[in-house]
Amino acid sequence: MYAVLKSVGKQFKVSPGDTLKMDKIEGNVGDTISFKDIVAVGNGDKFELGSPAVQGAEVSAKLLYQTRDDKIRVFRKNRRKHFQRTKGHRQYISILKVLSIKSSIGEESFKEPAKKAPTKTETPKKVEAKTETPKKVEAKTVAPKKAEVKAPAKAKEKKTVKKETTEVKE
């Protein structure tokens with residue numbers, strides 16, 4: 001089942017369980033808000049269109065939280081006038097969860113899936129008493145370091161280069 005509701009100058013197509021983002025609506029978090037201005041209601045083969053609203057139709061939603069939307073950038077420029085201006089704007093929004101739709105066609109509500117509770121029928125694991133067993137001490141053979149393995153390198157002989165100096169006679 002779905003409904004088309006009209007609120008804050010816009011129309012939204014919703015079904016039970018949908019999350020809806022619209023401009024800010026007055027209310028506290030957790031409140032249930034009902035919308036009476038329903039433009040159309042449909043359920044498979046059945047469809048009812050209102051002029052301007054469907055009589056007796058109602059959509060109820062829960063206000064999850066109120067926040068601000070993503071920032072939009074507003075850029076203005078006048079050519080050849082050396083004028084540029086950038087501004088930003090964040091709109092206040094309300095996030096709603098549609099709970100139920102009621103009309104003359106029928107009624108449908110959202111049921112949250114049941115959370116699985118931990119079963120307590122499981123037997124607790126037995127804790128075995130730890131007995132100390134003497135650990136076998138193995139003598140580890142320590143491999144000599146690589147530097148010790150290599151034979152000491154012969155000292156490099158420094159070759160001295162004798163610089164020849166030329167004397168300038170005057």
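Worth saying up front: this structure is predicted, and the values here are computed from it rather than measured.

Draft legend 1. Quick look at the nonpolar core. Counting residues in each nonpolar core, the largest one holds 21 residues, and the members touching the most others are Phe35, Val59 and Leu96. Of all elements in the fold, only strand E1 (2-7), strand E2 (10-14), strand E3 (19-23), strand E4 (32-35), strand E5 (38-43), strand E7 (58-68) and strand E10 (92-102) reach the threshold of two or more residues within this core. Discounting chain neighbours no more than four positions away, the residues touching Phe35 are Leu5, Ser7, Met22, Ile25, Ala57, Glu58, Val59, Ala61 and Leu96.

Draft legend 2. The arrangement of unusual backbone geometry in detail. Cis peptide bonds are those with omega within 30 degrees of zero, and the linkage from Ser51 to Pro52 qualifies with 0°. With phi around 45°, Val8 is a residue other than glycine that occupies positive phi space. Here Val8 lies in the loop between E1 and E2. Val8 gets classed as partly exposed once you look at its relative accessible area, which sits at 38%.

Draft legend 3. Quick look at a positive patch on the surface. On the surface, Arg68, Lys71, Arg73 and Arg90 cluster together into a patch of positive charge. Checked against the element boundaries, Arg68 lands in strand E7. On the basis of relative accessibility, which here comes to 37%, the residue Arg68 falls in the partly exposed class.

Draft legend 4. Region of the structure containing a nonpolar patch on the surface. On the surface, Val29, Leu64 and Tyr65 cluster together to form a nonpolar patch covering roughly 280 Å² of accessible area. The topology assignment puts Val29 in the loop between E3 and E4.

Draft legend 5. Spatial organisation of the environment of Leu20. Tracing the sequence through the fold places Leu20 in strand E3. In this structure Leu20 comes out as buried when scored by relative accessible area, which is 8%. Sequence-wise, Leu20 and Val98 are 78 residues apart; in three dimensions their C-alpha atoms are separated by 7.4 Å. For Leu20, the contacting residues outside a window of four places in its chain are Phe12, Val14, Ser94, Ile95 and Leu96.

Draft legend 6. Looking closely at the pattern of salt bridges. Per the counting criterion, the structure on display carries 3 salt bridges. Across the pair Lys21 and Asp69 runs a salt bridge, and its minimum N-O distance is 3.3 Å. In this pair, Lys21 is assigned in strand E3 and Asp69 in the loop between E7 and strand E8 (72-78), connecting sequence segments 48 residues apart. Assessed through its relative accessible area of 48%, Lys21 is described here as partly exposed. The closest approach of N and O atoms between Lys36 and Glu58, which form a salt bridge, is 3.3 Å. One end of the pair, Lys36, is in the loop between E4 and E5; the other, Glu58, is in strand E7, with 22 residues separating them in the sequence. The exposed category is assigned to Lys36, whose relative accessible area is 53%.

Rules used in this analysis
- Residues numbered from 1 in each chain as written.
- Predicted model: local features only at pLDDT ≥ 70, side-chain atom pairs only at ≥ 80, totals over all residues.
- Heavy atoms only, no water.
- Core = buried A, V, L, I, M, F, W, Y, C linked by side-chain atoms within 4.5 Å.
- Buried < 20%, exposed > 50% of the residue type's maximum accessible area, 1.4 Å probe, protein only.
- Helix = DSSP H or I, 4+ residues; strand = E, 2+ residues; numbered from the N terminus.
- Contact = heavy atoms within 4.5 Å.
- Patch = residues over 30% accessible without salt bridge, like charges linked within 9 Å, V, L, I, M, F, W, Y side chains within 5 Å.
- Areas by Shrake-Rupley, 256 points an atom, 1.4 Å probe, with all protein chains shown as cover.
- Salt bridge = Lys/Arg side-chain N within 4 Å of Asp/Glu carboxyl O.
- Lys, Arg positive; Asp, Glu negative; His and termini not counted.
- Charge placed at Lys NZ, Arg CZ, Asp CG, Glu CD.

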